[in-house]
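Reading the structure
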Amino acid sequence: MIAQLNTEIVIGSLKLKNPIMPASGAFGPEMKDAIDFNELGALVPKSITRLPQPGNRTPRVCETTAGMINSIGIQSKGLDYYMKYTIPEFAAYSAPLISSISADSVDEFAEMSEVIGNHPDVDALELNISCPNLKGNGEAFGMNAEVTESLIQAVKNVTDVPLIAKLTPNVTSIQDIALAAEAGGATALNVANTLLAMAIDTESRRPLIGNIMGGFSGPAVKPVIVRMIYQVSQVTNLPIIGCGGIMNGKDALEMIIAGASAVQVGTASFIYPTAMPDILEEIKDYMKRHAIYDINELVGSIQVD
Amino acid sequence: MIAQLNTEIVIGSLKLKNPIMPASGAFGPEMKDAIDFNELGALVPKSITRLPQPGNRTPRVCETTAGMINSIGIQSKGLDYYMKYTIPEFAAYSAPLISSISADSVDEFAEMSEVIGNHPDVDALELNISCPNLKGNGEAFGMNAEVTESLIQAVKNVTDVPLIAKLTPNVTSIQDIALAAEAGGATALNVANTLLAMAIDTESRRPLIGNIMGGFSGPAVKPVIVRMIYQVSQVTNLPIIGCGGIMNGKDALEMIIAGASAVQVGTASFIYPTAMPDILEEIKDYMKRHAIYDINELVGSIQVD
Amino acid sequence: MKQHFMPIISNQQVSSRYWHMVVDSSRLTSPIEPGQFFHIRCSQGSFPFLRRPFSIYRINESTIEFLYLVKGEGTQEMTHLQAGEMLDVVGPLGVGFSLDKSADTILLVARGVGIATLAALAQEAVEKNVKCAAILSARSKDDLLAADLLQGFGAEVYKVTEEDGTSDVANVEEIIRGILKRNKIDGIYTCGSRRLSRLSQNIANEYHIPGEIALEEHMGCAMGACFACVCDVKEDTGVKSVRVCLEGPVFSLEKVVLG
Amino acid sequence: MKQHFMPIISNQQVSSRYWHMVVDSSRLTSPIEPGQFFHIRCSQGSFPFLRRPFSIYRINESTIEFLYLVKGEGTQEMTHLQAGEMLDVVGPLGVGFSLDKSADTILLVARGVGIATLAALAQEAVEKNVKCAAILSARSKDDLLAADLLQGFGAEVYKVTEEDGTSDVANVEEIIRGILKRNKIDGIYTCGSRRLSRLSQNIANEYHIPGEIALEEHMGCAMGACFACVCDVKEDTGVKSVRVCLEGPVFSLEKVVLG
Ligand SMILES: Cc1cc2nc3c(=O)[nH]c(=O)nc-3n(C[C@H](O)[C@H](O)[C@H](O)COP(=O)(O)OP(=O)(O)OC[C@H]3O[C@@H](n4cnc5c(N)ncnc54)[C@H](O)[C@@H]3O)c2cc1C
Ligand SMILES: Cc1cc2nc3c(=O)[nH]c(=O)nc-3n(C[C@H](O)[C@H](O)[C@H](O)COP(=O)(O)OP(=O)(O)OC[C@H]3O[C@@H](n4cnc5c(N)ncnc54)[C@H](O)[C@@H]3O)c2cc1C
Ligand SMILES: Cc1cc2nc3c(=O)[nH]c(=O)nc-3n(C[C@H](O)[C@H](O)[C@H](O)COP(=O)(O)O)c2cc1C
Ligand SMILES: Cc1cc2nc3c(=O)[nH]c(=O)nc-3n(C[C@H](O)[C@H](O)[C@H](O)COP(=O)(O)O)c2cc1C
Ligand code: FES
Ligand code: FES
């Protein structure tokens with residue numbers, strides 16, 4: 001008898017049939033021609049804002065060594081469209097739907113979370129607290145521990161679905177923010193959003209991104225993210241979703257071994273449309289090769305001495 | 001007549017014949033076989049500690065995608081050896097000598113700076129405030145604005161040589177730290193030291209670095225450093241020395257255009273021993289091609305609209 | 001939006017700055033239309049990292065061709081790909097040109113490598129018995145690619161270059177007005193230059209000729225997911241943001257907002 | 001510590017896990033010693049990023065040879081280098097073996113690819129009329145490289161493998177004691193295994209035979225600047241940290257601290 005592999009991961013009330021899911025903003029319904037959405041651990045559409053917004057000027061992406069910078073600016077059709085069209089579209093798949101929310105204030109986060117979180121087809125919320133807090137001094141919510149705690153708390157008060165706080169890596173102590181999110185009532189932590197970055201075309205002496213700066217993703221950032229996953233896993237017991245730079249199964253395993261229960265794949269899908277199912281296969285191969293039949297045994301299994 | 005190129009950069013009392021210098025820890029007297037030290041803008045030996053210290057366990061370096069992680073742990077022969085042998089060895093060259101100092105407390109920084117800064121052959125001090133403050137909670141000095149300010153202040157009180165604060169990029173707001181260093185009396189800012197990072201060998205499930213985490217350098221980090229140079233240049237008038245990921249003249253120019261007056265080259269020299277002179281040549285070629293005869297015109301010349 | 005590996009048949013330099021690649025497309029099942037593009041990995045290694053978009057220059061029985069300008073790292077790497085190796089592509093992607101079978105003559109206005117995008121349309125025109133007039137604009141005569149190809153299709157080709165001092169908008173306008181006098185133009189198609197696009201837009205407007213434009217924008221996913229590649233088009237209800245990779249790269253010349 | 005580009009003459013697989021490369025070293029001016037190494041760029045592209053250190057396997061009139069194990073990304077890439085391309089190296093680096101001309105016989109204890117480092121010494125021994133006994137240990141017989149080469153040098157070669165169940169330390173010890181009974185061994189040289197190094201150290205100690213060991217450590221600069229590659233050696237004044245790339249890779253077997 002061949003032993004069965006268990007790849008199921010439980011995050012609060014959320015059951016993922018496997019730990020592989022897309023990263024918000026790097027996934028859309030258009031990708032259904034390339035991969036079977038039902039084979040993903042979860043579906044995470046692009047962050048939604050309350051009101052429609054146009055996004056930033058182009059160019060919105062540029063390539064850097066082993067990475068890319070993007071500044072899309074959360075181009076969004078707004079909450080009404082999202083409720084009417086986006087949720088039903090993704091609800092058609094068996095994989096759980098995690099709605100990513102961006103907002104300009106704590107109140108707006110709560111307002112939107114109440115509406116989206118209470119939709120029966122939404123299985124969890126991912127709070128993109130890396131966006132700037134317009135009511136604060138414009139720094140991202142997730143750069144401040146108190147703001148993070150009160151934001152999660154406010155959302156927790158209006159919905160019962162699992163809350164994933166998507167942390168920004170642009171902080172002095174990711175542990176402090178992680179603990180604040182935990183104190184506020186987060187169910188899980190996404191470690192992490194993009195690093196703030198910039199690139200300049202030396203010939204024209206202009207920024208390569210219309211918005212000057214943007215979010216840095218891709219394999220270049222992975223060592224920073226792995227470090228943060230490890231640091232966060234040392235201070236909290238919350239499940240961690242690793243995100244940043246995963247290109248293949250080995251990268252995903254590195255994050256899982258560092259302490260992530262699940263992982264998100266963004267940029268890789270731009271280059272390999274089938275990156276997500278391929279990564280899952282590579283993880284399964286690794287498990288077989290190492291005779292590890294339950295993925296949960298790998299989570300945080302790093303050996304340090 | 002061919003117009004002369006001016007590559008001279010002035011940083012306080014420090015005159016650099018060109019903006020290219022080595023990054024501390026990635027340069028040593030052994031490299032004199034490969035390049036002519038007199039052709040460098042300055043010489044920056046490895047950070048020195050007061051007492052001899054053995055450094056960290058091996059492996060001390062590992063490769064990641066387009067970058068490397070190191071955790072040497074400031075292996076050092078101590079201040080006495082440095083005064084007796086290291087300074088005279090580097091003083092033999094015409095390029096100015098910038099001594100990099102690492103210490104465990106503000107007092108120790110001041111103590112060492114007094115001794116080293118007042119040596120007639122030392123032209124400037126670079127304060128490596130990215131090392132952990134053992135008298136604090138172990139976080140790096142440069143992660144805290146007040147500590148940064150009082151550290152620079154304390155050193156300023158004991159020596160007149162130009163002080164370069166080498167900032168850590170592992171902070172929420174590099175601008176705040178830059179302003180604190182300026183308030184403390186820094187002559188210039190090095191932006192920046194390495195990003196804290198980690199990598200795991202998935203086969204053995206062990207960290208690839210003996211010390212678990214280490215400093216991330218190489219082209220992968222450049223977009224984060226360019227962003228920070230730009231941010232810092234927006235808030236202070238201090239000259240900036242850009243450092244992190246420069247592999248060629250274009251990378252150096254990117255930092256100069258973003259706002260750096262000079263740049264340091266670390267990892268690149270490991271791969272191309274002649275990286276520094278090659279970069280200088282590429283910069284000169286660029287200047288000729290663009291008919292820019294004074295490098296100072298390029299500093300901070302980014303066009304945003 | 002499937003990934004395919006297509007055997008490279010040839011990859012050759014055709015002028016100082018341009019290369020031409022032929023790949024075996026016989027295993028592709030989806031139909032390919034002029035104006036569509038492929039998202040291509042430029043090297044056999046892992047870098048450059050992102051794919052690059054390239055139009056389909058010619059569509060043959062069992063091969064397709066690309067014509068590309070060596071611009072930066074990606075296209076530089078592409079020149080190292082060799083016959084026998086596999087080209088890693090995603091596509092065909094996007095919406096191509098629409099060409100009315102009943103058209104008499106169409107006008108192509110191409111600048112530089114824009115001809116790589118319009119050539120396949122000229123080929124389709126021949127097949128549909130539609131006549132073709134083409135203005136090819138380039139920096140130098142060496143960059144005037146595909147003129148022979150178009151003439152071979154029976155097209156009436158006008159070449160303008162900086163080198164000859166003939167490529168200014170005013171001169172191109174004069175040529176176009178001359179063509180319009182002599183022919184019944186039922187469609188204007190343009191690619192490769194903002195100035196010539198504006199000119200084409202104005203003329204199409206003035207003469208009430210329908211037109212199409214193929215746009216270029218920096219891309220991330222090239223499959224509609226990331227919203228990197230947007231541009232604006234006019235709608236009855238106002239301006240709408242559309243994705244060049246999914247809703248384009250070909251748009252109505254009348255509706256597109258040229259920044 | 002100069003960078004050189006040496007034409008690759010051949011680069012071939014010699015067993016399931018090992019490859020062998022010959023390069024033209026005729027333009028190298030510095031003398032090369034057994035035990036020294038080169039820091040090599042494994043690919044023609046920019047990645048992998050860091051160089052990798054490789055011992056000089058054979059030193060010939062106008063060529064040098066490398067023998068390498070395909071381990072990870074770097075050595076994998078190295079297999080793609082082709083005859084006619086240039087190998088980008090920095091070196092020769094480090095301190096090589098010292099071999100006393102007056103020695104009668106030396107003993108080499110090599111594990112796995114460690115033989116790539118010791119082979120050049122065997123070659124020098126032949127040239128100096130010093131006899132050679134060698135123990136080659138490997139996972140499998142397929143991995144027993146260079147046995148023929150050494151035998152060609154007239155060396156007395158003992159092969160032990162996991163496959164044959166002969167590679168345990170106890171058995172190697174027995175072989176060494178046998179060799180010592182039959183020969184006047186004036187030097188023990190080892191590379192490639194911590195267990196066999198300890199054994200060699202103990203035996204050298206017991207029999208008062210001088211010995212040397214070639215160490216491996218992960219490297220950054222390979223020119224003494226970064227202190228990545230340190231190990232400890234015993235000195236009169238205590239333990240001293242030394243750099244494998246500069247003060248090594250060859251160290252006194254007696255003095256090295258085997259972790
Ligand atoms: C739909 C479409 C079809 C195209 N068809 C062709 C064609 O048939 N032949 C041809 O030569 N070129 C074509 N281009 C342009 C081509 O994609 C770019 O020249 C190419 O991406 C440049 O890559 P590089 O690495 O050499 O240059 P770099 O300037 O170094 O590229 C840096 C980054 O910018 C992006 N970029 C640079 N220029 C463009 C551009 N014009 N459009 C989109 N992204 C760009 C690159 O993809 C890359 O991510 C097309 C572009 C689009 C959008
Ligand atoms: C002085 C010296 C001489 C050597 N001579 C030979 C030789 O002749 N033939 C041979 O096959 N191998 C030799 N090695 C080992 C060889 O350097 C490694 O096998 C090689 O670096 C592995 O690279 P990789 O990318 O294939 O493997 P990976 O394991 O993917 O390498 C990852 C990183 O670790 C480093 N690394 C991994 N193993 C070693 C190692 N054993 N020593 C140093 N760095 C390592 C790599 O350089 C790289 O930076 C020698 C090592 C040293 C220090
Ligand atoms: C084009 C693009 C758009 C993105 N948009 C969002 C977004 O709307 N909300 C969000 O939380 N993260 C967004 N991200 C960040 C990704 O979700 C992810 O955190 C990041 O890309 C790192 O993962 P990767 O290296 O696997 O791409 C975006 C990333 C990219 C590349
Ligand atoms: C092996 C190594 C050792 C280093 N040691 C020091 C050090 O002692 N003091 C210091 O301030 N920075 C040290 N650094 C950081 C470099 O000075 C530099 O900030 C960093 O490497 C980024 O530049 P790069 O990408 O050009 O290498 C070290 C870097 C490396 C790679
Ligand atoms: S490139 Fe991603 S939507 Fe067009
Ligand atoms: S590798 Fe840098 S000192 Fe040895």
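One can find the structure itself at the top, above this paragraph.
Here goes a summary of the coordinates provided. All values derive from a computational prediction rather than experimental measurement.

**Some points on the pairing of strand E7 (residues 124-128) of chain B**
All names here are of chain B.
- Burial analysis of E7 places five of its five residues in the buried class, the great majority of the element.
- Taken together, strand E6 (residues 98-101), helix H2 (residues 106-117) and E7 constitute a β-α-β crossover, and its handedness is right-handed.
- Note: E7 against strand E8 (residues 163-167), four bridges, orientation parallel. Paired with leucine 125 across the bridge in E8 is leucine 163.
- In this view, the connection linking E7 to its parallel neighbour E8 by way of helix H3 (residues 145-156) has right-handed handedness.

**So, the sheet that holds strand E12 (residues 211-214) of chain C**
Residues and elements named next belong to chain C.
- A sheet is described by the order of its strands in space; here six strands give the open sequence E10-E9-E8-E11-E12-E15, paired in mixed fashion. Edge strands, defined here as strands with exactly one partner in the open sheet, are strand E10 (156-161) and strand E15 (250-252). For this sheet, the mean angle separating the axes of adjacent strands, direction not counted, is 15°.
- Sheet analysis places strand E8 (residues 105-111) next to strand E11 (residues 185-191), joined by six bridges and oriented parallel. Bridge pairing in E11 links leucine 107 to isoleucine 188.
- Against the sheet, helix H4 (residues 169-182) engages E8, strand E9 (131-138), E10 and E11, with an angle of about 170° to E10.
- Along the sheet, helix H5 (residues 194-207) contacts E8, E9, E11 and E12; its crossing angle with E11, the most-contacted strand, is approximately 160°.

**Let's talk about the relation of the copies chain B and chain A**
- Aligned on chain A, chain B shows an RMSD of 0.0 Å; the corresponding rotation is 180° and the shift along the axis is 0.0 Å. Taken together, the rotation and translation describe the operation of a two-fold axis.
- Most of the interface of chain B is mirrored in chain A: 100% of its interface residues are interface residues there too.

**Focus: the interface of chain B and chain A**
- Taken together, the contacts link 48 residues of chain B with 48 residues of chain A.
- In total, about 4200 Å² of surface goes out of reach between chain B and chain A, with carbon and sulfur atoms giving 59% of it.
- By the criterion of area lost to chain A, the three top residues of chain B are Thr172, Thr202 and Arg205 of chain B, representing 17% of everything that side buries.
- Where chain B packs against chain A, one counts six salt bridges.
- Among the ionic pairs, arginine 289 of chain A bridges to glutamate 203 of chain B, the shortest N-O distance being 2.9 Å.
- Inspection of the chain B/chain A interface yields 21 residue pairs in polar contact (both at pLDDT 80 or more).
- Going through the elements one at a time, strand E10 (195-198), strand E12 (206-207), strand E13 (213-217), helix H5 (222-235), helix H6 (249-258) and helix H8 (275-289) of chain B are the ones with two or more residues in the side of chain B that touches chain A.
- For the side of chain B that touches chain A, the element with the highest residue contribution is H5 of chain B, accounting for six residues.
- For the side of chain B that touches chain A, the class distribution of residues is 28 nonpolar, ten polar and ten charged.

**Considerations on the site of ligand 2**
Residue and element names in this part refer to chain D.
- Contacts to ligand 2 come from 21 residues, most closely from Pro53, Lys71, Gly74, Thr75 and Glu216.
- Interatomic distance of 2.8 Å between a backbone N/O atom of leucine 69 and an oxygen atom of ligand 2.
- Histidine 218 is positioned with one of its side-chain polar atoms (N or O) 3.2 Å from an oxygen atom of ligand 2.
- The fraction of the free accessible surface of ligand 2 (820 Å²) that becomes covered by protein chains is 88%.
- Counting residues per element, the ones that place at least two in the shell around ligand 2 are strand E4 (52-55), strand E6 (63-69) and helix H1 (73-78).
- With four residues, the top contributor of residues to the shell around ligand 2 is E4.
- Its residues assigned to classes, the shell around ligand 2 shows eleven nonpolar, five polar and five charged.
- Counting contributing residues, the shell around ligand 2 receives three or more from each of domain 1 (3-93) and domain 3 (215-259).

About the thresholds
- Residues numbered from 1 in each chain as written.
- Chains lettered and ligands numbered in written order.
- Predicted model: local features only at pLDDT ≥ 70, side-chain atom pairs only at ≥ 80, totals over all residues.
- Heavy atoms only, no water.
- Buried < 20%, exposed > 50% of the residue type's maximum accessible area, 1.4 Å probe, protein only.
- Helix = DSSP H or I, 4+ residues; strand = E, 2+ residues; numbered from the N terminus.
- Right-handed = clockwise from strand over helix to strand, strands pointing away.
- Pairing = 2+ DSSP bridges.
- Axes fitted to C-alpha atoms, helices over the stretch in contact; angles between N-to-C directions.
- Contact = heavy atoms within 4.5 Å.
- Least-squares fit on C-alpha atoms with pLDDT ≥ 70 in both.
- Buried area = accessible area lost by both parts, 1.4 Å probe.
- Salt bridge = Lys/Arg side-chain N within 4 Å of Asp/Glu carboxyl O.
- Polar contact = N/O pair within 3.5 Å; in protein donor to acceptor, adjacent residues only side chain to side chain.
- Nonpolar A, V, L, I, M, F, W, Y, C, P; charged D, E, K, R; others polar.
- Near = heavy atom within 4 Å.
- Areas by Shrake-Rupley, 256 points an atom, 1.4 Å probe, with all protein chains shown as cover.
- Domains from an automatic or database assignment.

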